[in-house]
Amino acid sequence: MNSVGPGYYLILSALMFTIGVLGVLVRRNAIVIFMFIELMLNAVNLAFVTFARMHGEVVGQVLVFFVLVVAAAEVVVGLAIILVMFRHRESANVDDVNLLKW
Amino acid sequence: MTWEHVIFGVVFVVALGSSLAMLFMRNAVHVALYLVAAQVALALAFLLQGAFFIAAVQIIVYAGAIMVLFLFVIMLLGVDKREALIEPLPAQRPLAIGLGALLAAEIIYVAAKGLELVTGAGANAEALDAINRDPGNVKALAHLLFSRYLLPFEVTSVLLVVAIVGVMVLARRMTIHDRIASQPEETVGEVA
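Residues numbered from 1 in each chain as written. Chains lettered and ligands numbered in written order. Predicted model: local features only at pLDDT ≥ 70, side-chain atom pairs only at ≥ 80, totals over all residues.

Novice: Is there a simple way to explain the overall build of chain B in this structure?
Specialist: The secondary structure content of chain B amounts to 6 helices and 0 strands. Seen in sequence order, chain B has helices and strands lined up from the N terminus as α-α-α-α-α-α. Across chain B, contacts joining residues at least 24 apart in sequence account for 55% of those joining residues at least 6 apart. (Helix = DSSP H or I, 4+ residues; strand = E, 2+ residues; numbered from the N terminus. Contact = placed C-beta atoms within 7 Å.)

This is the structure we're talking about:
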(Lines give C-alpha, C1' and ligand atoms only; values in the text may rest on other atoms or scores of the structure.)
Protein backbone atom coordinates (compact mmCIF):
# COMPACT_ATOMS: atom_id res chain seq x y z
CA MET A 1 0.00 0.00 0.00
CA ASN A 2 1.29 3.39 -0.96
CA SER A 3 -1.29 5.57 0.81
CA VAL A 4 -1.10 7.06 4.31
CA GLY A 5 -1.79 4.41 6.92
CA PRO A 6 -4.65 4.67 9.43
CA GLY A 7 -2.20 5.01 12.31
CA TYR A 8 -1.22 8.54 11.30
CA TYR A 9 -4.86 9.66 11.18
CA LEU A 10 -5.45 8.13 14.60
CA ILE A 11 -2.41 9.96 16.00
CA LEU A 12 -3.78 13.25 14.63
CA SER A 13 -7.18 12.42 16.13
CA ALA A 14 -5.66 11.58 19.53
CA LEU A 15 -3.59 14.77 19.62
CA MET A 16 -6.55 16.96 18.66
CA PHE A 17 -8.73 15.27 21.28
CA THR A 18 -6.06 15.89 23.91
CA ILE A 19 -5.81 19.56 22.95
CA GLY A 20 -9.60 19.75 23.32
CA VAL A 21 -9.42 18.26 26.82
CA LEU A 22 -6.60 20.66 27.73
CA GLY A 23 -8.65 23.60 26.48
CA VAL A 24 -11.66 22.58 28.57
CA LEU A 25 -9.43 22.24 31.64
CA VAL A 26 -7.45 25.46 31.19
CA ARG A 27 -9.76 28.05 29.67
CA ARG A 28 -12.25 30.06 31.72
CA ASN A 29 -14.64 31.49 29.12
CA ALA A 30 -17.75 29.30 28.77
CA ILE A 31 -18.04 29.89 25.00
CA VAL A 32 -14.38 29.01 24.46
CA ILE A 33 -14.86 25.84 26.52
CA PHE A 34 -17.75 24.98 24.21
CA MET A 35 -15.53 25.45 21.17
CA PHE A 36 -13.01 23.01 22.63
CA ILE A 37 -15.81 20.48 23.11
CA GLU A 38 -16.55 20.91 19.38
CA LEU A 39 -12.85 20.27 18.70
CA MET A 40 -13.06 17.01 20.66
CA LEU A 41 -16.14 15.93 18.69
CA ASN A 42 -14.30 16.70 15.45
CA ALA A 43 -11.33 14.60 16.55
CA VAL A 44 -13.67 11.69 17.29
CA ASN A 45 -15.27 12.13 13.87
CA LEU A 46 -11.83 11.79 12.30
CA ALA A 47 -11.33 8.54 14.22
CA PHE A 48 -14.71 7.25 13.00
CA VAL A 49 -13.90 8.04 9.37
CA THR A 50 -10.50 6.36 9.79
CA PHE A 51 -12.13 3.24 11.20
CA ALA A 52 -14.62 3.23 8.32
CA ARG A 53 -11.74 3.14 5.84
CA MET A 54 -9.85 0.59 7.92
CA HIS A 55 -12.76 -1.85 7.86
CA GLY A 56 -13.90 -1.14 4.32
CA GLU A 57 -17.45 -0.16 5.36
CA VAL A 58 -19.39 3.11 5.49
CA VAL A 59 -20.90 2.38 8.93
CA GLY A 60 -18.34 4.67 10.57
CA GLN A 61 -19.45 7.50 8.30
CA VAL A 62 -23.09 6.96 9.36
CA LEU A 63 -21.95 7.33 12.98
CA VAL A 64 -20.24 10.63 12.07
CA PHE A 65 -23.62 11.76 10.75
CA PHE A 66 -25.24 11.05 14.12
CA VAL A 67 -22.41 12.77 15.99
CA LEU A 68 -23.01 15.84 13.79
CA VAL A 69 -26.71 15.92 14.68
CA VAL A 70 -26.05 15.52 18.40
CA ALA A 71 -23.34 18.20 18.23
CA ALA A 72 -25.74 20.62 16.54
CA ALA A 73 -28.42 20.05 19.19
CA GLU A 74 -25.84 20.31 21.97
CA VAL A 75 -24.44 23.58 20.65
CA VAL A 76 -27.87 25.18 20.35
CA VAL A 77 -28.93 24.21 23.88
CA GLY A 78 -25.51 25.01 25.37
CA LEU A 79 -25.32 28.44 23.82
CA ALA A 80 -28.85 29.20 25.08
CA ILE A 81 -27.74 28.19 28.59
CA ILE A 82 -24.64 30.42 28.29
CA LEU A 83 -26.93 33.24 27.15
CA VAL A 84 -29.17 32.82 30.21
CA MET A 85 -26.10 32.60 32.46
CA PHE A 86 -24.73 35.79 30.94
CA ARG A 87 -27.99 37.65 31.50
CA HIS A 88 -28.03 36.61 35.16
CA ARG A 89 -24.33 37.02 35.95
CA GLU A 90 -23.15 39.61 33.39
CA SER A 91 -20.20 37.31 32.69
CA ALA A 92 -19.35 34.22 30.66
CA ASN A 93 -16.63 33.19 33.09
CA VAL A 94 -17.20 29.72 34.51
CA ASP A 95 -15.61 30.72 37.83
CA ASP A 96 -18.53 33.10 38.43
CA VAL A 97 -21.02 30.24 38.35
CA ASN A 98 -20.35 28.85 41.81
CA LEU A 99 -23.74 28.68 43.54
CA LEU A 100 -23.51 24.89 43.85
CA LYS A 101 -19.91 25.03 45.07
CA TRP A 102 -19.29 23.30 48.35
CA MET B 1 5.98 10.23 -1.59
CA THR B 2 2.67 10.53 -3.36
CA TRP B 3 0.29 13.48 -3.50
CA GLU B 4 -1.67 11.85 -0.68
CA HIS B 5 1.33 12.03 1.66
CA VAL B 6 1.87 15.69 0.83
CA ILE B 7 -1.79 16.61 1.43
CA PHE B 8 -1.87 14.60 4.65
CA GLY B 9 1.24 16.45 5.84
CA VAL B 10 -0.45 19.80 5.17
CA VAL B 11 -3.65 18.62 6.91
CA PHE B 12 -1.66 17.37 9.90
CA VAL B 13 0.25 20.62 10.33
CA VAL B 14 -2.77 22.90 9.79
CA ALA B 15 -5.15 20.91 12.01
CA LEU B 16 -2.68 20.50 14.85
CA GLY B 17 -1.30 24.03 14.54
CA SER B 18 -4.68 25.71 14.59
CA SER B 19 -5.85 23.53 17.50
CA LEU B 20 -2.74 24.55 19.45
CA ALA B 21 -3.30 28.19 18.49
CA MET B 22 -6.83 27.89 19.93
CA LEU B 23 -5.26 27.20 23.32
CA PHE B 24 -3.20 30.38 23.32
CA MET B 25 -5.61 32.91 21.81
CA ARG B 26 -7.05 35.27 24.42
CA ASN B 27 -9.80 36.60 22.14
CA ALA B 28 -12.85 34.35 21.72
CA VAL B 29 -13.31 35.43 18.08
CA HIS B 30 -9.75 34.35 17.25
CA VAL B 31 -10.39 30.98 18.91
CA ALA B 32 -13.49 30.56 16.72
CA LEU B 33 -11.56 31.40 13.54
CA TYR B 34 -8.80 28.91 14.36
CA LEU B 35 -11.49 26.30 15.03
CA VAL B 36 -12.84 26.95 11.51
CA ALA B 37 -9.34 26.40 10.12
CA ALA B 38 -9.01 23.12 12.02
CA GLN B 39 -12.42 21.97 10.76
CA VAL B 40 -11.61 22.75 7.13
CA ALA B 41 -8.36 20.80 7.50
CA LEU B 42 -10.33 17.89 8.95
CA ALA B 43 -12.73 18.07 6.00
CA LEU B 44 -9.68 17.58 3.75
CA ALA B 45 -8.70 14.57 5.86
CA PHE B 46 -12.20 13.15 5.35
CA LEU B 47 -11.84 13.65 1.60
CA LEU B 48 -8.51 11.80 1.66
CA GLN B 49 -10.22 8.85 3.31
CA GLY B 50 -13.07 8.58 0.86
CA ALA B 51 -15.77 10.14 3.08
CA PHE B 52 -16.97 12.62 0.47
CA PHE B 53 -20.45 13.26 1.87
CA ILE B 54 -19.14 13.70 5.41
CA ALA B 55 -16.51 16.16 4.16
CA ALA B 56 -19.18 18.31 2.52
CA VAL B 57 -21.43 18.12 5.59
CA GLN B 58 -18.46 18.99 7.82
CA ILE B 59 -17.90 22.25 5.94
CA ILE B 60 -21.59 23.14 5.58
CA VAL B 61 -22.79 22.24 9.08
CA TYR B 62 -19.70 22.66 11.26
CA ALA B 63 -17.59 25.35 9.63
CA GLY B 64 -20.74 27.03 8.33
CA ALA B 65 -23.80 26.81 10.54
CA ILE B 66 -22.39 25.94 13.95
CA MET B 67 -19.47 28.38 13.83
CA VAL B 68 -21.78 31.18 12.66
CA LEU B 69 -23.94 30.39 15.69
CA PHE B 70 -20.86 30.61 17.92
CA LEU B 71 -19.76 33.93 16.42
CA PHE B 72 -23.33 35.22 16.71
CA VAL B 73 -23.42 34.47 20.44
CA ILE B 74 -19.93 35.91 20.96
CA MET B 75 -21.03 39.14 19.30
CA LEU B 76 -24.40 39.13 21.10
CA LEU B 77 -22.82 38.79 24.54
CA GLY B 78 -20.03 41.21 23.72
CA VAL B 79 -17.48 38.89 25.30
CA ASP B 80 -14.96 39.50 22.53
CA LYS B 81 -12.81 41.22 25.14
CA ARG B 82 -9.74 39.45 26.42
CA GLU B 83 -9.92 36.75 29.03
CA ALA B 84 -8.41 37.65 32.40
CA LEU B 85 -4.84 36.48 32.76
CA ILE B 86 -5.18 35.99 36.51
CA GLU B 87 -5.24 32.28 37.27
CA PRO B 88 -7.32 31.45 40.36
CA LEU B 89 -5.92 27.93 40.65
CA PRO B 90 -2.13 28.18 40.28
CA ALA B 91 -1.46 24.43 40.13
CA GLN B 92 -4.07 23.78 37.46
CA ARG B 93 -2.11 24.57 34.28
CA PRO B 94 0.96 22.38 34.93
CA LEU B 95 -1.32 19.64 36.18
CA ALA B 96 -3.51 19.91 33.07
CA ILE B 97 -0.48 19.74 30.77
CA GLY B 98 0.89 16.69 32.59
CA LEU B 99 -2.44 14.86 32.58
CA GLY B 100 -2.98 15.86 28.94
CA ALA B 101 0.35 14.33 27.93
CA LEU B 102 -0.62 11.19 29.84
CA LEU B 103 -4.00 11.08 28.07
CA ALA B 104 -2.41 11.49 24.62
CA ALA B 105 0.09 8.71 25.37
CA GLU B 106 -2.73 6.50 26.58
CA ILE B 107 -4.92 7.04 23.49
CA ILE B 108 -2.01 6.49 21.10
CA TYR B 109 -1.00 3.32 22.99
CA VAL B 110 -4.54 1.93 22.85
CA ALA B 111 -4.83 2.84 19.15
CA ALA B 112 -1.50 1.15 18.39
CA LYS B 113 -2.61 -1.99 20.28
CA GLY B 114 -5.91 -1.96 18.41
CA LEU B 115 -4.22 -1.51 15.04
CA GLU B 116 -2.28 -4.73 15.61
CA LEU B 117 -5.60 -6.63 15.73
CA VAL B 118 -6.80 -5.26 12.39
CA THR B 119 -5.64 -7.26 9.41
CA GLY B 120 -5.86 -6.29 5.78
CA ALA B 121 -6.41 -2.57 6.30
CA GLY B 122 -5.02 -1.91 2.82
CA ALA B 123 -7.41 -4.38 1.17
CA ASN B 124 -10.28 -2.92 3.20
CA ALA B 125 -9.37 0.57 2.00
CA GLU B 126 -9.59 -0.77 -1.55
CA ALA B 127 -13.03 -2.20 -0.67
CA LEU B 128 -14.20 1.23 0.52
CA ASP B 129 -12.93 2.79 -2.70
CA ALA B 130 -14.91 0.17 -4.63
CA ILE B 131 -18.05 1.05 -2.64
CA ASN B 132 -17.45 4.73 -3.40
CA ARG B 133 -17.16 3.89 -7.10
CA ASP B 134 -20.02 1.48 -7.58
CA PRO B 135 -23.07 2.50 -5.51
CA GLY B 136 -21.41 5.79 -4.65
CA ASN B 137 -20.61 7.27 -1.26
CA VAL B 138 -23.92 9.09 -0.77
CA LYS B 139 -25.96 6.13 -1.99
CA ALA B 140 -24.17 3.69 0.32
CA LEU B 141 -24.64 6.04 3.28
CA ALA B 142 -28.32 6.60 2.49
CA HIS B 143 -28.90 2.87 2.14
CA LEU B 144 -27.51 2.22 5.62
CA LEU B 145 -29.19 5.27 7.15
CA PHE B 146 -32.66 4.40 5.92
CA SER B 147 -32.49 0.66 6.60
CA ARG B 148 -30.29 -0.54 9.45
CA TYR B 149 -30.07 2.84 11.21
CA LEU B 150 -33.64 3.99 10.57
CA LEU B 151 -34.62 4.00 14.27
CA PRO B 152 -31.60 6.08 15.40
CA PHE B 153 -32.30 8.40 12.47
CA GLU B 154 -35.87 8.95 13.65
CA VAL B 155 -34.65 9.41 17.23
CA THR B 156 -32.33 12.20 16.07
CA SER B 157 -35.33 14.02 14.62
CA VAL B 158 -37.00 13.79 18.04
CA LEU B 159 -33.75 15.07 19.58
CA LEU B 160 -33.72 18.07 17.26
CA VAL B 161 -37.35 18.92 18.09
CA VAL B 162 -36.60 18.63 21.82
CA ALA B 163 -33.56 20.89 21.39
CA ILE B 164 -35.59 23.51 19.50
CA VAL B 165 -38.37 23.50 22.11
CA GLY B 166 -35.83 23.63 24.94
CA VAL B 167 -34.02 26.62 23.46
CA MET B 168 -37.33 28.41 22.90
CA VAL B 169 -38.30 27.80 26.53
CA LEU B 170 -34.93 29.10 27.76
CA ALA B 171 -35.14 32.23 25.63
CA ARG B 172 -38.80 32.88 26.42
CA ARG B 173 -38.35 32.60 30.17
CA MET B 174 -35.66 35.23 29.93
CA THR B 175 -37.91 37.70 28.12
CA ILE B 176 -40.70 37.27 30.69
CA HIS B 177 -38.13 37.72 33.43
CA ASP B 178 -36.86 40.84 31.72
CA ARG B 179 -40.37 42.27 31.43
CA ILE B 180 -41.07 41.71 35.12
CA ALA B 181 -37.74 43.08 36.25
CA SER B 182 -37.34 45.98 33.86
CA GLN B 183 -38.96 49.41 33.81
CA PRO B 184 -42.01 49.95 31.54
CA GLU B 185 -40.22 52.47 29.29
CA GLU B 186 -37.58 49.87 28.41
CA THR B 187 -40.17 47.49 27.00
CA VAL B 188 -41.73 50.08 24.69
CA GLY B 189 -39.69 48.95 21.71
CA GLU B 190 -40.64 45.29 22.13
CA VAL B 191 -43.44 43.68 20.20
CA ALA B 192 -46.20 42.94 22.71
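From this point, the narrative continues.
Novice: Where do I start with the overall build of chain A in this structure?
Specialist: When its secondary structure is counted, chain A shows 3 helices and 0 strands. In terms of overall size, chain A is more extended than a compact globule, its C-alpha atoms giving a radius of gyration of 17 Å where 102 residues would be expected to give roughly 13 Å. Projected onto its principal axes, the C-alpha positions of chain A cover 55 × 25 × 20 Å. Going through the 102 residues of chain A one by one, you find that 49% of them count as buried. Long-range contacts, defined as pairs at least 24 residues apart, comprise 49% of the intrachain contacts of chain A with a sequence gap of at least 6. (Rg over C-alpha atoms; globule rule 2.2 N^0.38 Å. Buried ≥ 20, exposed ≤ 12 C-beta atoms within 10 Å, placed from the backbone.)

Novice: Sorry, what's going on with the environment of A:Phe86 here?
Specialist: Note on placement: A:Phe86 falls in helix α3 (residues 59–89). Taking C-alpha positions, A:Phe86 is 16 Å from A:Val75, a pair spaced 11 residues apart along the chain. In contact with A:Phe86, not counting residues within four places along its chain, are A:Ser91, A:Ala92 and B:Leu77.

Novice: Could you clarify how one ought to interpret the packing of helix α1 (residues 6–26) of chain A against helix α4 (residues 92–117) of chain B in this entry?
Specialist: Two measures define how a pair of helices packs: the angle their axes make with one another and the distance between the axes. Where α1(A) contacts α4(B), the axes come no closer than 9 Å and their chain directions differ by 155°. One element, α1(A), and the other, α4(B), form an angle in the roughly antiparallel class. For α1(A) against α4(B), the interelement crossing comes out right-handed. From α1(A), A:Pro6, A:Gly7, A:Leu10, A:Ile11, A:Ala14, A:Leu15, A:Phe17, A:Thr18, A:Val21, A:Leu22, A:Leu25 and A:Val26 reach across to α4(B), where they touch B:Arg93, B:Ala96, B:Ile97, B:Gly100, B:Leu103, B:Ala104, B:Ile107, B:Ile108, B:Ala111 and B:Leu115. (Axes fitted to C-alpha atoms, helices over the stretch in contact; angles between N-to-C directions. Parallel < 35°, antiparallel > 145°, perpendicular 65-115°, else oblique. Left-handed = near helix turned anticlockwise from the far one by under 90°.)

Novice: Looking at this structure, how should I read the interface of chain B and chain A?
Specialist: One widely used convention gives an interface's size as the accessible area the parts lose upon coming together. Contacts between chain B and chain A engage 68 residues on the former and 63 residues on the latter. For the side of chain B that touches chain A, the elements supplying multiple residues, two or more each, are α1 (3–24), α2 (28–48), α3 (52–77), α4, α5 (121–145) and α6 (150–181) of chain B. Of all the elements, α5(B) adds the most residues to the side of chain B that touches chain A, at 11 residues. In the side of chain B that touches chain A, the residues fall into 54 nonpolar, 11 polar and 3 charged. (Nonpolar A, V, L, I, M, F, W, Y, C, P; charged D, E, K, R; others polar.)

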